[in-house]
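In case you want the letters, here they are:
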There are 2 protein chains.
Amino acid sequence: MLDDVVHAVRVRSGVRVAELDASATPGFSGDRDAGEELLASIGERMSDVQERLFAHGRTGGTRSVLLVLQGLDTAGKGGIVRHVLGLVDPQGVALRSFGRPTPEELEHDFLWRIRKALPPAGRIGVFDRSHYEDILVPSVNGTADAVTLTERFAAIEAFERELVAGGTSIVKVALWVSRDEQYARLRERLERPDKHWKYSPGDVDVRAARPAYEAAYDDVLARSSYDDGVFQAPWHLVPADRKWYARLAVSALLLRALDDLDLDWPPATFDVATELARLDATR
Amino acid sequence: MLDDVVHAVRVRSGVRVAELDASATPGFSGDRDAGEELLASIGERMSDVQERLFAHGRTGGTRSVLLVLQGLDTAGKGGIVRHVLGLVDPQGVALRSFGRPTPEELEHDFLWRIRKALPPAGRIGVFDRSHYEDILVPSVNGTADAVTLTERFAAIEAFERELVAGGTSIVKVALWVSRDEQYARLRERLERPDKHWKYSPGDVDVRAARPAYEAAYDDVLARSSYDDGVFQAPWHLVPADRKWYARLAVSALLLRALDDLDLDWPPATFDVATELARLDATR
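Residues numbered from 1 in each chain as written. Chains lettered and ligands numbered in written order. Predicted model: local features only at pLDDT ≥ 70, side-chain atom pairs only at ≥ 80, totals over all residues. Heavy atoms only, no water.

**Comments concerning the pairing of strand β1 (residues 64-71) of chain A**
Remember that side chains alternate between the two faces of the sheet whenever the strand is regular.
All names here are of chain A.
And step 1. Where burial is concerned, most of β1 is hidden: eight out of the eight residues are buried.
And step 2. What you see with β1 is no split at all: S64, L66, V68 and Q70 on one side and V65, L67, L69 and G71 on the other are buried throughout.
And step 3. Note: β1 against strand β4 (residues 168-176), eight bridges, orientation parallel. Within the sheet, the bridge partner assigned to Q70 lies in β4 and is A174.
And step 4. Across five bridges, the pairing between β1 and strand β3 (residues 124-128) is parallel. Each bridged residue has a counterpart across the sheet, and for L67 the counterpart in β3 is V126. (Buried < 20%, exposed > 50% of the residue type's maximum accessible area, 1.4 Å probe, protein only. Helix = DSSP H or I, 4+ residues; strand = E, 2+ residues; numbered from the N terminus. Pairing = 2+ DSSP bridges.)

Quick look at the structure:
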């Protein structure tokens, strides 16, 4: 069932985000209750394999997982962090959010701040927005020409190849909400005083530029969904009008990546009998 | 009930850790089931106030909370992070662990690496070990004389005063396990292959030096439990042989600190009617 979801959300060539049914639940035929039940059971499995990953990191292992979350405002990136990453030990998660680059960051190559934020070995890193903003935003604002964008795609591919070769599994997710659902969620942020802090006037500007963002996302999904057998860093396009489905799909992707590491508990780096004797001497 | 726990674990003058009943449940008369039920309800309240704190941080607020966790090996610091901080949104938690200082860190004042790890506004920072290691370890190893230790205590007091004045509430917790329980937990790490990664031969050396650590903890609790009415950063000594109680007590302390911030949702930084009209124009 999980594999059905994983397979169904994987980006296929020629995808157009504007044509996606954002309220669909690809690969899953159950309702919300069934989805939440499945999410809880995924949580338990994820917690176990996450601890193995952490244990490896603490004993010299080099593996890590990097979840890259992209999506328009209101797509639910924050909810994913809360409800999916909340399923595992906070010690095992390294979360980084990327906003508008600072003046210092702008003095460096666009990947400079990204490299500094990579997860240590043994962790699940989460990027709330990422290096793909450096494609999306200039595409929409027209501040980068086609040559610059092509150079950035090349830099990103080289960067991700390097990460994968170094032991990091990359899980790339674009969360997608429909125009109507985005409207409803922004309206709720304006109507409810306990949600005002989530709203920024810029959100409406971005919404007004939605067709340009759609084209930019199509470009990103078409040009950076890597899979040559050895080097795998494909995109997944997750319909996000139903929050429970988006959480289920991302947790399925994360569990699949963790399971694929196929980690057993690391062997002792000391002689167990000797240590038992030393410990007993302190009884 | 929570306030009973908060009050009961607060350090009183003249406390001797070696005399603590580490299996006690001060301020709480219920059993494990009752404790776990209460922990779950604290979790819901904590999650709400944590989100308010986060919202304030995102809208220019300066408040934060810093949980300082100290304790001998096996005292359960990791379990606290998992089970207490796991109750709130991972985005709102900034966790830092301090191990043996690196060569670079040793070239700086002992508070240098600590300052770099302070939580941003709006977050619950967690220090898994802390600047108090820079008192405890040299006290035990005899690598700092009394004058140096006194200077460090003075530096720590000035540092914590500065934090509190800047809007950070400090919650200091020493988790305390008995000799017998520590033995049992170390033995389990040696007997179970899935726990080997948590064991280090140094753990037995530290255990063998337990009387020196007890004296060093007594010194820390006696000399750095600050409360002059305005500047409050007292220590709490939490019996930790019963993991469920330690988690309950730390969550009670954290909830008390969050509640004391008395935060409402931050007001809108924009004109709501104008924004509603702008949003509706994009419908």
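So that's the structure; there's more coming.
**Here we look at the relation of the copies chain B and chain A**
Two copies of one chain are present, and they are related through a rotation about an axis combined with an axial shift.
And step 1. Mapping chain B onto chain A leaves a residual RMSD of 0.0 Å; the transformation is a rotation of 180° accompanied by 0.0 Å of translation along its axis. Both copies of the chain, as the preceding transformation shows, are related through a two-fold rotation axis.
And step 2. A share of 100% of the interface residues of chain B reappears at the interface of chain A, consistent with the copies meeting face to face through the same patch. (Least-squares fit on C-alpha atoms with pLDDT ≥ 70 in both. Contact = heavy atoms within 4.5 Å.)

**Description of unusual backbone geometry**
Residues and elements named next belong to chain B.
And step 1. For T74, which is not glycine, the phi torsion reads 75° and is therefore positive.
And step 2. In this structure, T74 sits in the loop between β1 (64-71) and α3 (77-83).
And step 3. Overall, T74 belongs to the buried group, its relative accessible area being 6%.
And step 4. Despite not being glycine, R129 has its phi angle at roughly 70°, a positive value.

**Overview of the UniProt feature "domain: Polyphosphate kinase-2-related" (unreviewed entry) in chain A**
And step 1. In the numbering used here, UniProt assigns the "domain: Polyphosphate kinase-2-related" (unreviewed entry) feature to residues 32-260 of chain A.
And step 2. Structurally, residues 32-260 of chain A is divided into 54% helix and 16% strand, and its ends, taken at the C-alpha atoms, are 27 Å apart. (UniProt positions renumbered as here; feature names shortened; annotations may be inferred.)

**Quick look at the environment of R63 of chain A**
Residues and elements named next belong to chain A.
And step 1. Looking at the secondary structure, you find R63 in the loop between α2 (32-58) and β1.
And step 2. For R63, a relative accessible area of 32% puts it in the partly exposed group.
And step 3. Counting along the chain gives 195 residues from R63 to L258, while the straight-line C-alpha distance between them is 9.9 Å.
And step 4. Other than its neighbours up to four places away in sequence, R63 contacts L53, A121, G122, G167, S169 and L261.
And step 5. Only 2.9 Å separates the side chain of R63 from the backbone oxygen of G167, close enough to count as a polar contact. (Polar contact = N/O pair within 3.5 Å; in protein donor to acceptor, adjacent residues only side chain to side chain.)

**Description of the pattern of salt bridges**
And step 1. Tallied over the entire structure, the rule returns 50 salt bridges over all chains.
And step 2. For D218 of chain B, the salt bridge goes to R16 of chain B, with nearest N and O atoms at 3.4 Å. In this pair, D218 of chain B sits in helix α10 (residues 210-223) while R16 of chain B sits in the loop between α1 (2-9) and α2 (32-58), placing the two residues 202 residues apart along the sequence.
And step 3. One continuous salt-bridge network, built from bridges that share partners, spans D3, R256 and D260 of chain A. (Salt bridge = Lys/Arg side-chain N within 4 Å of Asp/Glu carboxyl O.)

**As for the interface of chain B and chain A**
How big an interface is tends to be stated in terms of accessible area lost as the parts join.
And step 1. Of the residues lining the interface, 44 residues belong to chain B; the matching set on chain A comes to 44 residues.
And step 2. Together, R82, W197 and L279 of chain B form the three largest contributors to the area buried by chain B at its contact with chain A, with a combined 18%.
And step 3. Here D89 of chain B and R82 of chain A are joined by a salt bridge, their closest N and O atoms 3.7 Å apart.
And step 4. Summed over the shared surface of chain B and chain A, the number is 18 residue pairs in polar contact (both at pLDDT 80 or more).
And step 5. Among the elements of the structure, α2, α3, α8 (179-191), α9 (202-208) and α12 (272-280) of chain B are those that each provide at least two residues to the side of chain B that touches chain A.
And step 6. The element best represented in the side of chain B that touches chain A is α12 of chain B, accounting for six residues. (Buried area = accessible area lost by both parts, 1.4 Å probe.)

**Looking at the packing of aromatic side chains**
And step 1. Enumeration according to the criterion identifies 16 aromatic pairs over all chains in this entry.
And step 2. When the centroid spacing of 5.8 Å and the interplanar angle of 70° are considered together, the rings of F28 of chain A and W244 of chain A count as edge-to-face. Of the two residues, F28 of chain A sits in the loop between α1 (2-9) and α2 while W244 of chain A sits in helix α11 (residues 243-260), which places them 216 residues apart along the sequence.
And step 3. By relative accessible area, which is 6% here, F28 of chain A ends up buried.
And step 4. Relative accessible area serves as the criterion here: at 11%, W244 of chain A is assigned to the buried category.
And step 5. Their ring planes at 85° and their centres at 5.8 Å tell us that F54 of chain A and W197 of chain B sit as a pair that is edge-to-face. Taken together, the residues span two chains, with F54 of chain A in helix α2 and W197 of chain B in the loop between α8 and α9. Here F54 of chain A matches W197 of chain B in class, with each residue buried.
And step 6. An aromatic cluster of at least three residues, connected via ring pairs, comprises F28, W244 and Y245 of chain A.
And step 7. One Lys or Arg, R152 of chain A, reaches over the ring of F110 of chain A and ends 4.7 Å from the middle of that ring. (Phe/Tyr/Trp six-rings, centres within 6.5 Å; stacked < 30°, edge-to-face > 60°. Lys NZ or Arg CZ within 6 Å of the ring centre and 35° of its normal.)

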